[in-house]
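Here is how the chains run, residue by residue.
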Amino acid sequence: MDAIDVIRAKRDGAALSPAQIDWVVDAYTRGAVAEEQMAALAMAILLNGMSRAEVSRWTEAMIASGERMDWSALDRPTTDKHSTGGVGDKITLPLAPLVAACGAAVPQLSGRGLGHTGGTLDKLESIPGWRASLSGAEMLDVLAATGAVVCAAGGGLAPADRKLYALRDVTGTVESIPLIASSIMSKKIAEGTGALVLDVKVGSGAFMKAEAPARELAETMVAIGADHGLRTVALLTAMDRPLGAAVGNAVEVAEAVEVLSGGGPADVVELTVALAREMLAAAGLPDAKDPATALADGSAMDVWRRMIVAQGGNPDAPLPVAREEHVLRAPASGVLTRLDAYGVGLAAWRLGAGRARKEDPVSFGAGVICHAKPGDTVREGAPLLTLHADDTSRFPRALDALSDAMEITDSGAPDLLPLIIDRIA
Ligand code: URA
């Protein structure tokens, strides 16, 4: 095999053969295909796409580049959720213990935030003592003891994806739907979950701003799951406004704890319960305890506490609080018709909640609290947003990010996406 032949084939619009795909992914992972050759191939894939057979094989080859986890020692079925990421998306925090409380096991490998969307591990690390890095044996112990584990993916899982993702990041090829779908699905299949629910976000705060490409991504991932014998369902959900009221790290943990206490914002509760029901059904547990009951009766909270303790955290310790705050007030009375997810996410990032480079630290206390959501009536001078940061010098640029993010009109209804736009199975 020759890398140039594989690049030319895709450049000229041909479908790659299974042997070509297996070879090029393996040779790239070993360093036998050069970075510039894989960059050219990734661009050819971005421009010419891949068939369902090609994308499934590409995913298979990326899984085969590393280890595959196995949870067959557990006495209950496994099920997991992956979100394409959004602003205020803390759903994993209440969801994993909730699904465990209803009878399934949730082995979730999560990531850190980059850019304006937050990462689950950054949020959980704001809990004093909590540890993201676990060995495979520790993961199994936590899962067996509590039913849920959320931790960092080890280096052995889909190493081809890690290398390729870093290359795509600097070559303008992140946006290829077959490459995104195979990247996400290779990690989830290698993680060894028995069922998977995808939360594919749509809107300004999401990776996919428009519904059509989000739908195509969801359909591609569901097809890859089916081709690998993994029961996979996708929900398309709204990310045109932030999810819930809190955007940041510790502030999102506090909101997740409110949900686990039976309260919390209605949209976070609705999406958590909908995803939990999907995860239980996909795991083959349609008659499991209803997730809404497990939130109300405290059983999901019990699992949360055990899960945090099992990873070294103290669920009773006070969460970090930022040193400074700035309140943004309504300039007029009326209806809040727009609160743009991207603007709020960018503000939280500039306040210190997110990072610009992978190695940067995050501020656990930084973030934004939204006191009103689109559709709410607000009075002139009432607080709309509170910005939290460790340093007042961060406020001006955060306020810049918010300058076009809000709209108050005399009357009228906001033009919002439905929270759950569609279900794809
Ligand atoms: N997330 C991933 O894991 N991979 C992509 O390609 C894009 C988002």
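On a predicted model such as this, the values are computed, not experimentally measured, just so you know.

Some points on the overall build of the chain
Okay, step 1: Of regular secondary structure, the chain possesses 16 helices and 13 strands.
Okay, step 2: Expressed as lengths along the three principal axes of its C-alpha atoms, the size of the chain is roughly 70 × 45 × 35 Å.
Okay, step 3: Burial status across the chain gives 55% buried among its 425 residues.
Okay, step 4: If you take every contact in the chain between residues at least 6 apart in sequence, the share linking residues at least 24 apart comes to 79%.
Okay, step 5: A total accessible area of about 16600 Å² is found for the chain, and carbon and sulfur atoms account for 52% of it.
Okay, step 6: Charge-centre separation for the chain: the mean point of 39 positive side chains lies 2 Å from the mean point of 54 negative side chains.

Side note on the site of the ligand
Okay, step 1: Every residue close to the ligand is listed here: Tyr-165, Arg-168, Ile-180, Ser-183, Ile-184, Lys-187 and Phe-207.
Okay, step 2: A distance of 2.9 Å separates an oxygen atom of the ligand from a polar side-chain atom of Arg-168.
Okay, step 3: Lys-187 has a polar side-chain atom sitting 2.5 Å from an oxygen atom of the ligand.
Okay, step 4: Starting from 240 Å² of accessible surface for the ligand in isolation, the protein chains cover 83%.

Quick word on the nonpolar core
Okay, step 1: Counting residues in hydrophobic clusters, the biggest one holds 70 residues, and the most contacted among them are Trp-304, Val-368 and Leu-385.
Okay, step 2: Ignoring any residue separated from it by four or fewer positions in sequence, one finds Leu-385 in contact with His-326, Val-327, Leu-328, Leu-339, Val-368, Ile-369, Cys-370, His-371, Leu-402 and Met-406.

Quick word on helix 16 (residues 395-402)
Okay, step 1: When helix 16 is considered as a whole, its buried residues turn out to be Phe-395, Ala-398, Ala-401 and Leu-402. Relative to the axis of helix 16, the buried residues are bounded by an arc of 120° and lie together on one face.
Okay, step 2: Elements that come into contact with the buried residues of helix 16 comprise strand 7 (324-329), helix 15 (341-353), strand 11 (383-389) and strand 12 (406-409).

What about the domain arrangement of the chain?
Okay, step 1: Split by domain assignment, the chain resolves into domain 1 (3-49), domain 2 (80-310) and domain 3 (324-409).
Okay, step 2: The centre of domain 1, based on its C-alpha atoms, is set 31 Å off from the matching centre of domain 2.
Okay, step 3: For the pair domain 1 and domain 2, the two sides together bury roughly 1000 Å², of which 77% comes from carbon and sulfur.
Okay, step 4: Contact with domain 2 buries surface across domain 1, with Tyr-28, Thr-29 and Leu-46 losing the most and accounting together for 42% of the total.
Okay, step 5: In this structure, the connection of domain 1 to domain 2 is made through 0 salt bridges.
Okay, step 6: Inspection of the domain 1/domain 2 interface yields 1 residue pair in polar contact (both at pLDDT 80 or more).
Okay, step 7: Those elements that provide at least two residues to the side of domain 1 that touches domain 2 are helix 2 (18-30) and helix 3 (35-48).
Okay, step 8: Its residues assigned to classes, the side of domain 1 that touches domain 2 shows 8 nonpolar, 3 polar and 1 charged.

Observations concerning the side chain of Thr-272
Okay, step 1: Mapping Thr-272 onto the fold places it in helix 12 (residues 266-282).
Okay, step 2: Setting aside residues up to four positions removed in sequence, Thr-272 forms contacts with Ile-91, Pro-94, Leu-95 and Leu-98.

Description of the packing of helix 11 (residues 250-260) against helix 14 (residues 299-310)
Okay, step 1: Where helix 11 meets helix 14, the closest approach of the two axes is 8 Å, and the angle between their N-to-C directions is 140°. Considered as vectors, helix 11 and helix 14 are oriented oblique to each other. Here helix 11 contributes Val-253, Val-257 and Leu-260 to the contact with helix 14, which in turn contributes Ala-300, Met-301 and Trp-304.

Side note on the packing of aromatic side chains
Okay, step 1: Overall, the coordinates contain 0 aromatic pairs when judged by the stated rule.
Okay, step 2: Over the ring of Tyr-28 we find Lys-163; its NZ or CZ atom is 4.4 Å from the centre of that ring.
Okay, step 3: Here the basic side chain of Lys-187 rests over the ring of Tyr-165, its NZ or CZ set 5.9 Å away from the ring centre.

Examining the UniProt feature "domain: Pyrimidine nucleoside phosphorylase C-terminal" (unreviewed entry) in the chain
Okay, step 1: Under the UniProt annotation, "domain: Pyrimidine nucleoside phosphorylase C-terminal" (unreviewed entry) lies at residues 335-409.
Okay, step 2: End C-alpha to end C-alpha, residues 335-409 measures 5 Å, and it is 28% helix and 29% strand.

Notes on helix 11
Note: α-helices contain 3.6 residues per turn, so residues at a spacing of three or four share the same orientation.
Okay, step 1: In terms of burial, helix 11 is a largely internal element, 8 of the 11 residues being buried.
Okay, step 2: Among all positions in helix 11, only Ala-250, Val-251, Glu-252, Val-253, Glu-255, Ala-256, Val-259 and Leu-260 are buried.
Okay, step 3: Positive phi shows up at Gly-262, right after helix 11, with a value of about 95°.

Regarding the pattern of salt bridges
Okay, step 1: Evaluated as defined, the whole model comprises 25 salt bridges.
Okay, step 2: The partner of Lys-90 in a salt bridge is Glu-255, and the shortest N-O contact between them spans 2.7 Å. Placement of the pair is Lys-90 in the loop between strand 1 (80-83) and helix 5 (92-101) and Glu-255 in helix 11, with a sequence separation of 165 residues. Each member of the pair, Lys-90 as well as Glu-255, carries the same accessibility label: buried.
Okay, step 3: Linked by salt bridges that have partners in common, Arg-112, Asp-122, Glu-125 and Arg-355 make up one network.

What to know about unusual backbone geometry
Among all residues save glycine, negative phi is the norm, and among peptide bonds the norm is trans.
Okay, step 1: One non-glycine residue, Ala-158, adopts positive backbone phi at about 45°.
Okay, step 2: Within the fold, Ala-158 resides in the loop between strand 3 (148-152) and helix 8 (159-169).
Okay, step 3: Assessed through its relative accessible area of 1%, Ala-158 is described here as buried.

About the cut-offs
- Residues numbered from 1 in each chain as written.
- Predicted model: local features only at pLDDT ≥ 70, side-chain atom pairs only at ≥ 80, totals over all residues.
- Heavy atoms only, no water.
- Helix = DSSP H or I, 4+ residues; strand = E, 2+ residues; numbered from the N terminus.
- Buried < 20%, exposed > 50% of the residue type's maximum accessible area, 1.4 Å probe, protein only.
- Contact = heavy atoms within 4.5 Å.
- Areas by Shrake-Rupley, 256 points an atom, 1.4 Å probe, with all protein chains shown as cover.
- Lys, Arg positive; Asp, Glu negative; His and termini not counted.
- Charge placed at Lys NZ, Arg CZ, Asp CG, Glu CD.
- Near = heavy atom within 4 Å.
- Polar contact = N/O pair within 3.5 Å; in protein donor to acceptor, adjacent residues only side chain to side chain.
- Core = buried A, V, L, I, M, F, W, Y, C linked by side-chain atoms within 4.5 Å.
- Arc of directions from axis to C-beta.
- Domains from an automatic or database assignment.
- Buried area = accessible area lost by both parts, 1.4 Å probe.
- Salt bridge = Lys/Arg side-chain N within 4 Å of Asp/Glu carboxyl O.
- Nonpolar A, V, L, I, M, F, W, Y, C, P; charged D, E, K, R; others polar.
- Axes fitted to C-alpha atoms, helices over the stretch in contact; angles between N-to-C directions.
- Parallel < 35°, antiparallel > 145°, perpendicular 65-115°, else oblique.
- Phe/Tyr/Trp six-rings, centres within 6.5 Å; stacked < 30°, edge-to-face > 60°.
- Lys NZ or Arg CZ within 6 Å of the ring centre and 35° of its normal.
- UniProt positions renumbered as here; feature names shortened; annotations may be inferred.

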